[in-house]
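The lines below spell out each chain.
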Amino acid sequence: MNRIWNFSAGPAVLPQEVLARAGDEMLDWHGTGVSVMEMSHRGKDFMGIADETERDFRELLAIPPGYKVLFLAGGATLQFAAVPMNLLAGKGKADYVVTGEWSRKAVKEARAYCDAHVAASSEDRSFTYAPPQEAWKVRPDAAYVHYCSNETIGGVEFHWIPDSGGVPLVADASSHILSRPLDVSKFGLIYAGAQKNIGPAGLTIVIVREDLLGHAQKGTPSVLDYRLQADAGSMLNTPATYPIYMAGLVFKWLKQLGGLPEMARRNDAKARLLYDVIDAGGFYRSAVARADRSCMNIPFHLPDERLDAEFLKGAAERGMVQLKGHRIVGGIRASIYNAMPLEGVQALAAYMREFEKRHG
Ligand SMILES: *Cc1c(COP(=O)(O)O)cnc(C)c1O
């Protein structure tokens, strides 16, 4: 077996222990003689898996009572439409904070459903910072205010929870959920596609405050109606059974390691390794405002983009892949989610220093 260091932004690295366990259980789950993929989603074995997965997720994030957790399909992108369909509640207005590609896509999608207004934006500086609280102009009669709490492409992370002044706060937390503790009680709704920090692609988790349920607009497909999905235990139709099972294994792994406080400690240490190299020599450059740098997705630039190809080639030769920056920002990007071990980040930091010495 030959595992490499996979810095992909998503679908991303999964914990080796989780993959090994899924492998062991592949042909015969707990003596049932079938794979989880072959189980009825309504049978007691899979229902048990789904219940335990939800319980562990709630425990990890300390989700307070009064919130539903939904296991849905369609990716975070479908939530760009599902959020307005469910939360507008006849109001016709929603506010968006735009800090990069994902929040830009979210507001664009919402425009099909409502008057979607940009309450704050960092476009003036090419989406390289998180607009401070004072810059948020949220309309008090907006149905909700939406932001992307970690912009995966630009590497901009909110390290604080905005005060939305009583308007329900909605977060696309796809690329940093479970990376550290989060006060869920500050939010109306949080959603996340699984393939960054939760599990395989195909699952999207929605955490929604119960008072926001039951207002879906006319014409909302039933699988997109949060109330109907909540009432059906996310099984209005066949859910993404195998990704739910895999997410459950990831949650067990997180609990065993010490939960989200421990993940925060590890993620801070990993991110510091790379930012220290970036900041040390004046060779590498990060475009993101220091206070808003992401601990999960770390884009950076070499002094000359003509060096990018050589950097990537050398990295691949050393067993480090998927480091090419997104075409929108260019350069290099290292995504270092929960499942990326410290050793992988150490290897990258060492290679960056070596490359700098050769070319600096
Ligand atoms: C990856 C990503 C998405 C899109 O997820 P899909 O599952 O492909 O729809 C949306 N928002 C953020 C922040 C992401 O990182």
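Residues numbered from 1 in each chain as written. Predicted model: local features only at pLDDT ≥ 70, side-chain atom pairs only at ≥ 80, totals over all residues. Heavy atoms only, no water.

Participant: Please explain the pattern of salt bridges as it appears in this structure.
Facilitator: Side-chain pairs of opposite charge can arise where the charged atoms are in close proximity. Counted under the stated rule, the structure contains 25 salt bridges. In this structure, the salt-bridge partner of Asp211 is Arg209, at a minimum N-O distance of 2.7 Å. With relative accessibility at 25%, the residue Arg209 sits in the partly exposed group. Glu262 is the partner of Arg265 in a salt bridge, and the nearest nitrogen-oxygen pair spans 2.8 Å. Of this pair, Arg265 and Glu262 both sit in helix H7 (residues 259–280), three residues apart, roughly one helical turn. Given a relative accessible area of 16%, Glu262 falls into the buried group. When salt bridges that share partners are traced, they join Glu52, Asp56, Glu59, Lys252 and Lys255 into one network. (Salt bridge = Lys/Arg side-chain N within 4 Å of Asp/Glu carboxyl O. Buried < 20%, exposed > 50% of the residue type's maximum accessible area, 1.4 Å probe, protein only. Helix = DSSP H or I, 4+ residues; strand = E, 2+ residues; numbered from the N terminus.)

Participant: When you look at the domain arrangement of the protein chain in this model, what are you seeing that I'm missing?
Facilitator: Interfaces are often sized by the amount of accessible area the parts lose when they come together. The domain boundaries assigned to the protein chain delineate domain 1 (17–256) and domain 2 (258–359). Averaged C-alpha coordinates put domain 1 and domain 2 at centres separated by 27 Å. Opposite the 26 residues of domain 1 that make contact, domain 2 presents 26 residues. With both chains or domains summed, domain 1 and domain 2 bury close to 2,100 Å², and 56% of this area falls on carbon and sulfur atoms. Counting across the interface, domain 1 meets domain 2 through one salt bridge. Between Asp268 and Arg180 there is a salt bridge whose closest N-O contact spans 2.9 Å. Inspection of the region where domain 1 meets domain 2 yields 18 residue pairs in polar contact (both at pLDDT 80 or more). (Domains from an automatic or database assignment. Contact = heavy atoms within 4.5 Å. Buried area = accessible area lost by both parts, 1.4 Å probe. Polar contact = N/O pair within 3.5 Å; in protein donor to acceptor, adjacent residues only side chain to side chain.)

Participant: Honestly, the sheet that holds strand E4 (residues 115–121) in this entry has me stumped. Any pointers?
Facilitator: Sheets are built from strands that pair by backbone hydrogen bonding, the pairs being arranged parallel or antiparallel. Judged by pairing direction, the sheet is mixed, and its seven strands sit side by side in the order E2-E10-E9-E8-E5-E3-E4 without closing on themselves. The open sheet has two edge strands with one neighbour each: strand E2 (67–72) and E4. Pairs of neighbouring strands in the sheet enclose a mean axial angle of 20°, with direction left out of account. Pairing between E2 and strand E10 (residues 204–209): six bridges, direction antiparallel. The partner of Val69 across the bridge, within E10, is Ile207. Relative to strand E3 (residues 93–98), helix H4 (residues 101–110) is tilted by about 160°, and along the sheet it contacts E3, E4, strand E5 (145–148) and strand E8 (169–172). (Pairing = 2+ DSSP bridges. Axes fitted to C-alpha atoms, helices over the stretch in contact; angles between N-to-C directions.)

Participant: Would you take a moment to explain the packing of helix H6 (residues 241–257) against H7 for this structure?
Facilitator: Helix-helix packing is described using two parameters, namely the angle between the two axes and the distance between the axes. Where H6 meets H7, the closest approach of the two axes is 7 Å, and the angle between their N-to-C directions is 80°. One finds that H6 runs roughly perpendicular with respect to H7. In contact with Trp253, Leu254, Lys255 and Leu257 of H6, H7 contributes Gly259, Glu262, Met263 and Arg266. Of the residues contributing to the contact of H6 with H7, the split by class is four nonpolar, one polar and three charged. (Parallel < 35°, antiparallel > 145°, perpendicular 65-115°, else oblique. Nonpolar A, V, L, I, M, F, W, Y, C, P; charged D, E, K, R; others polar.)

Participant: I keep staring at unusual backbone geometry and nothing clicks. Help me out?
Facilitator: Both trends apply: most residues other than glycine have a negative phi, and most peptide bonds are in trans. A cis amide bond links Gly10 with the next residue in sequence, Pro11, at an omega value of -10°. Inspection of the secondary structure assignment puts Pro11 in the loop between strand E1 (5–6) and helix H1 (16–24). Look at Phe127: it is not a glycine, yet its phi comes out positive at around 60°. In this structure, Phe127 sits in the loop between E4 and E5.

Participant: Looking at this structure, how should I read a nonpolar patch on the surface?
Facilitator: Taken together, the side chains of Met26, Leu27 and Met37 make up a nonpolar region of the molecular surface, amounting to roughly 320 Å² of accessible area. Inspection of the secondary structure assignment puts Met26 in the loop between H1 and helix H2 (44–61). Given the relative accessible area of 31%, Met26 is considered partly exposed. (Patch = residues over 30% accessible without salt bridge, like charges linked within 9 Å, V, L, I, M, F, W, Y side chains within 5 Å. Areas by Shrake-Rupley, 256 points an atom, 1.4 Å probe, with all protein chains shown as cover.)

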